[in-house]
Amino acid sequence: EKAVPTPHWRPAYHFTPPANWTNDPNGLVFLNGEFNLYYQHNPFENKWGHMSWGHATSKDLIAWKHLPVAIPEVITKDTTTWIYSGSVVLDKSNTSGFGINGKPPLVAIFTADQPKQKKESQFIAYSNDGGLSYKQYSHNPVIDLNMHDFRDPNVFWYQPTQQWIMTVSMVDDHMVRFYGSKNLKDWNKLSDFGPAGFTKNGWECPSLLPLVVDGNPDNIKWVLFVSSGGEHGPLIQYFVGDFDGITFKSVNETNKVLKVDYGDAFYAAIAWRDAPENKKILLGWLQNGRQETYPWKGQMSIPHDLSLKTTGDGLVLNQLPSVFVTRALHKYATGKVIEKTNIDINGAGLKLPGNGNAYWIDAEFDIRNARKAGFNVVGKAGTDKKVTLGYDAEKQLLFVDCTGSEKDNKSPENLIQTAPMKAINGIVKVKVLLDRSSLEVFGNDGEKVISTMIYPDKDATGLALFSEGAAVVKSLKMWNLNRGE
Ligand code: FRU
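Since the structure is predicted, the reported quantities are computational estimates derived from the model, not experimental observations. (Residues numbered from 1 in each chain as written. Predicted model: local features only at pLDDT ≥ 70, side-chain atom pairs only at ≥ 80, totals over all residues. Heavy atoms only, no water.)

One pass over the full model with this rule turns up 21 salt bridges. Here K119 makes a salt bridge to D144, at a shortest N to O gap of 2.7 Å. On the criterion of sequence distance, the pair formed by K119 in strand β8 (residues 119-127) and D144 in strand β10 (residues 143-147) is long-range, its members being 25 residues apart. The exposure class assigned to D144 is partly exposed, which follows from its relative accessible area of 34%. The partner of D149 in a salt bridge is R151, and the shortest N-O contact between them spans 2.8 Å. The pair D149 / R151 is uniform in exposure class, with both members buried. Within this structure, E120, D149, R151 and E204 form a network of salt bridges that share partners. (Salt bridge = Lys/Arg side-chain N within 4 Å of Asp/Glu carboxyl O. Helix = DSSP H or I, 4+ residues; strand = E, 2+ residues; numbered from the N terminus. Buried < 20%, exposed > 50% of the residue type's maximum accessible area, 1.4 Å probe, protein only.)

Here the focus is the site of the ligand. The immediate surroundings of the ligand are formed by N23, D24, Q40, W48, M51, Y84, S85, R151, D152, E204, Y267 and W285. Between the ligand and S85 there is a distance of 3.1 Å, counted from an oxygen atom to a backbone nitrogen or oxygen. Separating an oxygen atom of the ligand from a side-chain N or O atom of D152 is a distance of 2.6 Å. A breakdown of the residues in the shell around the ligand according to their chemical character gives 5 nonpolar, 3 polar and 4 charged. (Near = heavy atom within 4 Å. Polar contact = N/O pair within 3.5 Å; in protein donor to acceptor, adjacent residues only side chain to side chain. Nonpolar A, V, L, I, M, F, W, Y, C, P; charged D, E, K, R; others polar.)

Domain boundaries in the chain define domain 1 (7-325) and domain 2 (333-480). Using C-alpha coordinates to define each centre, domain 1 is positioned 31 Å away from domain 2. Taken together, the contact pairs 31 residues of domain 1 with 36 residues of domain 2. When the two sides are added together, the surface that domain 1 and domain 2 hide from each other amounts to roughly 2,800 Å², 55% of it contributed by carbon and sulfur. The partner of R290 in a salt bridge is E406, and the shortest N-O contact between them spans 2.7 Å. Counting across the domain 1 and domain 2 interface gives 21 residue pairs in polar contact (both at pLDDT 80 or more). Looking at the side of domain 1 that touches domain 2 element by element, the count peaks at 5 residues for strand β24 (residues 314-321). For the side of domain 1 that touches domain 2, the residue count by class is 14 nonpolar, 13 polar and 4 charged. (Domains from an automatic or database assignment. Contact = heavy atoms within 4.5 Å. Buried area = accessible area lost by both parts, 1.4 Å probe.)

Evaluated as defined, the whole model comprises 29 aromatic pairs. Ring centres of Y13 and W360 lie 6.2 Å apart, and the angle between their planes is 40 degrees; on these two criteria the pair is classed as tilted. Placement of Y13 in the segment before β1 (20-31) and of W360 in strand β26 (residues 358-380) is noted, with a sequence separation of 347 residues between them. Residues Y13 and W360 agree in their burial class; the two are buried. Judged by centre distance (6.5 Å) and plane angle (35 degrees), the ring pair of F225 and Y238 falls under tilted. Placement of the pair is F225 in strand β16 (residues 216-227) and Y238 in strand β17 (residues 236-243), with a sequence separation of 13 residues. Accessibility classification places F225 together with Y238 in one group, the buried group. Following the ring pairs from residue to residue traces out a cluster consisting of Y38, W53, F110, F123 and Y134. K185 extends its terminal NZ or CZ atom over the ring of F98, reaching a point 4.6 Å from the ring centre. (Phe/Tyr/Trp six-rings, centres within 6.5 Å; stacked < 30°, edge-to-face > 60°. Lys NZ or Arg CZ within 6 Å of the ring centre and 35° of its normal.)

Below, the discussion takes up the nonpolar core. Among the nonpolar cores identified, the biggest contains 38 residues, and I361, F365 and F375 are the most heavily contacted of them. Taken together, the elements giving at least two residues each to this core come down to β25 (338-351), β26, β27 (386-392), β28 (397-401), β30 (427-435), β31 (438-443) and β33 (460-480). The element contributing the most residues to this core is β26, with 9 residues. Beyond its immediate stretch of four places on either side in the chain, F365 contacts I345, A373, G374, F375, G426, I427, V428, V430, L465, V472 and V473. (Core = buried A, V, L, I, M, F, W, Y, C linked by side-chain atoms within 4.5 Å.)

With respect to the helices and strands, T310 occurs in strand β23 (residues 304-311). Residues T310 and L476, spaced 166 residues apart in sequence, show a C-alpha to C-alpha distance of 28 Å. Setting aside its immediate chain neighbours within four residues, T310 contacts V213, D214 and L315. One polar contact links T310 to D214, side chain to side chain, over a distance of 2.5 Å.

Attention now moves to the side chain of D149. Turning to its location among the elements, D149 is positioned in the loop between β10 and β11 (150-158). For D149, a relative accessible area of 17% translates into the label buried. Looking at D149, its side chain comes within polar contact range of the side chain of R151, at 2.8 Å. D149 has contacts with E120, S169, M170, V171 and D172, leaving out every residue within four places of it along the chain.

Moving on, we get to the sheet that holds strand β13 (residues 175-181). Here 4 strands make up an open sheet; going across it, the order is β11-β12-β13-β14 and the pairing antiparallel. The two strands at the open ends of the sheet, each matched to only one other strand, are β11 and β14 (188-193). Along the sheet, successive strands turn relative to each other by an average axial angle of 25 degrees, direction set aside. By the bridge criterion, 7 bridges tie β11 to strand β12 (residues 163-170) in an arrangement that is antiparallel. Bridge pairing in β12 links F156 to I165. (Pairing = 2+ DSSP bridges. Axes fitted to C-alpha atoms, helices over the stretch in contact; angles between N-to-C directions.)

Attention shifts here to the pairing of strand β19 (residues 266-271). With 6 of 6 residues buried, β19 is to be regarded as a mostly interior element. Bridge count for β19 against strand β20 (residues 281-286) is 4 bridges, and the pairing is antiparallel. Counted as the bridge partner of F266 is L286 from β20.

Okay, unusual backbone geometry next. Here the bond from N140 into P141 is cis, since omega is -5 degrees, no more than 30 degrees from zero. Of the consecutive residues Y294 and P295, the connecting peptide bond is found in the cis state with omega at 15 degrees. Here P295 shows up in the loop between β20 and β21 (296-297). Although it is not a glycine, N101 sits at a positive phi angle of roughly 55 degrees. Assignment of secondary structure puts N101 in the loop between β6 (80-90) and β7 (106-114). With a relative accessible area of 77%, N101 lands in the exposed category. One non-glycine residue, D445, lies in the positive phi region at around 55 degrees. Structurally, the position occupied by D445 is in the loop between β31 and β32 (448-453). Judged by its relative accessible area of 38%, D445 is partly exposed.

In structure tokens:
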């Protein structure tokens, strides 16, 4: 079967590989003014396989420079080694000894998946050319438990005990194992966390981040992220707690599952290490697999700035599109930013200007007299296809509803994605990031996020406001980001 190109689904302001498959983001590290993104990549085909690390860099998290594969699969007579997910650290004081000429090396820590041996172990590799290419350490593996499913190491420097900390997944035990190391080569087991929370699927891609609470830099809590999901269960869950250099202890009731995202597409997210302004910026892989895209498959989310907030439900994660993205947005907008205030909508509403289905909208709805309000991503002229998103005031839900544009006989419940959220004095705020085939909706200044993939027709005609009952758009700002391929 010949693949059909789908340029109308190629995101304009999100990362995609120029061609072929991607899944997880890997090795996110900020270096010399640039965000480095490595990613799970099949360099040869538009489907999962030949796992290697693709590479790209960006100064503003919107425009990406595509670079050669940084860590390719290794094939010998007896062994195939796939380069699975992992992280990269800048080894500032050359603890590893891999540095040359006084220049600190970058060290990649990742899982070597060896299908013939049915084995996963942790490998390291180092770069002396700023991250363009890596050499495998000659004494790999650095951690080997002779296990089949043991993967996705994520490493950071922990100042108080002057050592590197690794979180790595004991996939089928639903546990995160913590290791410590002085040199990135010799690792000692520190502790285990789990099982806890959601355990119906294997645990993958764990990572631990210190986050500021309520904007107070002196108040830090640690958040442990774990990707695990499928068949309508959570995709990424998180635990808020304390970390003393050895053990992570959750402060929440650990059997209550906290979800990072309420859509069906956000997975395997990790954060940049060493990002400027002390930001903790999370990037996830977006994919729900309902359609083929070609000549690429898989994309990254918009990067999220993370923080913690004290709420009636305890400490919860807050996520907004990264300020590095919002600061650069005007550079990429075509035409003027559209600004409107106090628009009355009652029923099928106003068509918004623009085309190409690449928009960014910040809007505030007054929903006191409405049952629902939001946007329709309108289908091709002459059809009544649409994706509806917005706020359901009766059910108190932020939602994305794809039932007007797609059928999914296997799992129709996937077509409606919701997040519980309350209006504040009758006002609901939404940010809508529609980028051709990806749709990310942020509610109430980052309280809830729904990320999904939608597949509008090639000649789909843009966006319209809608409501059930009388809603007022208090304010709306809209950037048209249809900047071609
Ligand atoms: C998550 C994952 C990881 C693994 C990688 C392989 O999507 O399954 O656990 O390292 O993808 O591509």
